[in-house]
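# Architecture and fold: a report
Here is what each chain is made of, one letter per residue.
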Amino acid sequence: MRTISKSSKLAHVLYDIRGPIMDRAKQMEDEGQQLIKLNIGNLAVFGFDAPAEIQQDMIRNLPNSAGYSDSKGIFAARKAVMHYTQAQGVEGVTLEDVYLGNGASDLIAMATNALLDDGDELLLPMPDYPLWTAVTSLSGGTAVHYLCDEANGWIPDLADIRSKINSRTKGIVVINPNNPTGVLYSDEVLKGIVDIAREFNLVILADEVYDKVLYDDVKHTALASLAPDVLTLTFNSLSKSYRACGYRAGWLVISGDKQAGADYIEGLNMLANMRLCANVPGQWAIQTALGGYQSIADLVGEGGRLRRQRDLAYELITAIPGVTCVKPQAALYMFPRLDPEVYPIKDDRQFFLQLLEATRVLLVQGTGFNWPHPDHFRMVFLPHEPDLREAIDRMAKFLADYRAKHSKQAQAAVEA
């Protein structure tokens, strides 16, 4: 019997956030085991509800949602995104520069498909949100990862970026606030990236999905506001700031030198037309979300639930011997480091699979975010405080057992 194989285009496509460890977790749940999931920023399952006014507006407009919308999206939502972008200081944005999609991920895939030919290169942060690397590969391009330096607070290394640019480099992706590290970039760093993009005629792709999930009174600057003469695509959505992951409502805004990018924009329009339109009910939530009360501020401010849980997770995880972490300033994640001298891990996927089976705590290994060394992991701090304490306590005990086992092995090797 002839076997049917997957496309060769998928040979280098990985998305370990929902990969083999997640498959094992599902099997364990099917067996009746209860897990604490620290692997994915799915806010609803932890009791973070979308604002009621957004829910109601979508419900009221369901009778108007049975037909296709314009391929770029409904007028009211696009206008709201346009005004939001203009309020961020981004110049020259019109209604025609706004595209709505099934979440930001839909538009990220569309943008890379329209940009890359086989063999073209796209600069991506290391670590990255792995969807970017996956869609780059699926588009026929090559992901080239530039270093974000942990010793410098996970800030992009501008010299490393420059060293990796060649004639096939088409663009640079900037994830700010950053997933998975939770770091927010300064204006100085952003201007440095814009200068490089301008010098080498690169398209900037700015992933700013967490632009409102900010702690300690830090301020986010829209990258496009610093790049009025550089073609820039900015991606955002309702998923995180408005706790509406399942609504699949995102947007893409084009700004900067649109004349130079006219052919590329034509390609974006072709792809937008081919998919007919994005999910219409979710689009109705956008205007209300952007124009209404910004309840995310209550969650991230002093005493807010996200702020408290960020602080608690950081305190508990860094109290574990051999574990360090850059404290996140934004987003829903932290990216702790396991000291290789204390935890000599060779295969971090296998290590965190063992941790899952021993503790019933689900995490994602650092190499799943295209970090080259098996010494990091990403964790969310979304569970309620008792569950968060319990999860990190289980992790701490597992790591203590690992340290003790390694210590005995090392001692035996010395004696031998």
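Scroll up to find the structure this text is about.
Read on for an overview of the structure. All figures in this text were calculated on a predicted structure; none of them were measured in a lab. (Residues numbered from 1 in each chain as written. Predicted model: local features only at pLDDT ≥ 70, side-chain atom pairs only at ≥ 80, totals over all residues. Heavy atoms only, no water.)

## Quick notes on the pattern of salt bridges
If you walk through the whole model with that rule in mind, you get 25 salt bridges. When the shortest N-O distance is used, the salt bridge between arginine 78 and glutamate 96 registers 3.4 Å. In this pair, arginine 78 sits in helix H3 (residues 75-87) while glutamate 96 sits in the loop between H3 and strand S2 (98-101), placing the two residues 18 residues apart along the sequence. Given the relative accessible area of 5%, arginine 78 is considered buried. Taking relative accessible area as the criterion, glutamate 96 reaches 48% and is therefore assigned partly exposed. Glutamate 390 is paired through a salt bridge with arginine 394; the nearest N and O atoms lie 2.9 Å apart. With glutamate 390 and arginine 394 both in helix H13 (residues 385-415) and four residues apart, this pair spans about one turn of that helix. By relative accessible area, which is 34% here, glutamate 390 ends up partly exposed. (Salt bridge = Lys/Arg side-chain N within 4 Å of Asp/Glu carboxyl O. Helix = DSSP H or I, 4+ residues; strand = E, 2+ residues; numbered from the N terminus. Buried < 20%, exposed > 50% of the residue type's maximum accessible area, 1.4 Å probe, protein only.)

## Some remarks on the side chain of histidine 376
Note that histidine 376 resides in the loop between strand S14 (364-365) and strand S15 (377-380). A distance of 2.7 Å separates polar atoms of two side chains, one belonging to histidine 376 and the other to aspartate 375. Contact partners of histidine 376, with chain neighbours within four places excluded, come to Glu150, Trp154, Phe335, Pro336, Arg337, Asp348, Phe352, Gln365, Gly366 and Trp371. (Polar contact = N/O pair within 3.5 Å; in protein donor to acceptor, adjacent residues only side chain to side chain. Contact = heavy atoms within 4.5 Å.)

## Quick notes on unusual backbone geometry
In this chain, methionine 126 is followed by proline 127 through a cis amide linkage whose omega measures 5°. A cis amide bond links asparagine 176 with the next residue in sequence, proline 177, at an omega value of -5°. Relative to the helices and strands, proline 177 is located in the loop between strand S6 (169-175) and helix H7 (187-200). Although it is not a glycine, arginine 243 adopts a positive phi angle of roughly 50°. Structurally, the position occupied by arginine 243 is in the loop between strand S8 (232-237) and strand S9 (250-255). Take arginine 243: its relative accessible area is 8%, and that puts it in the buried class. One non-glycine residue, arginine 248, lies in positive phi territory at about 50°.

Limitation: the analysis is restricted to geometry and does not speak to function.
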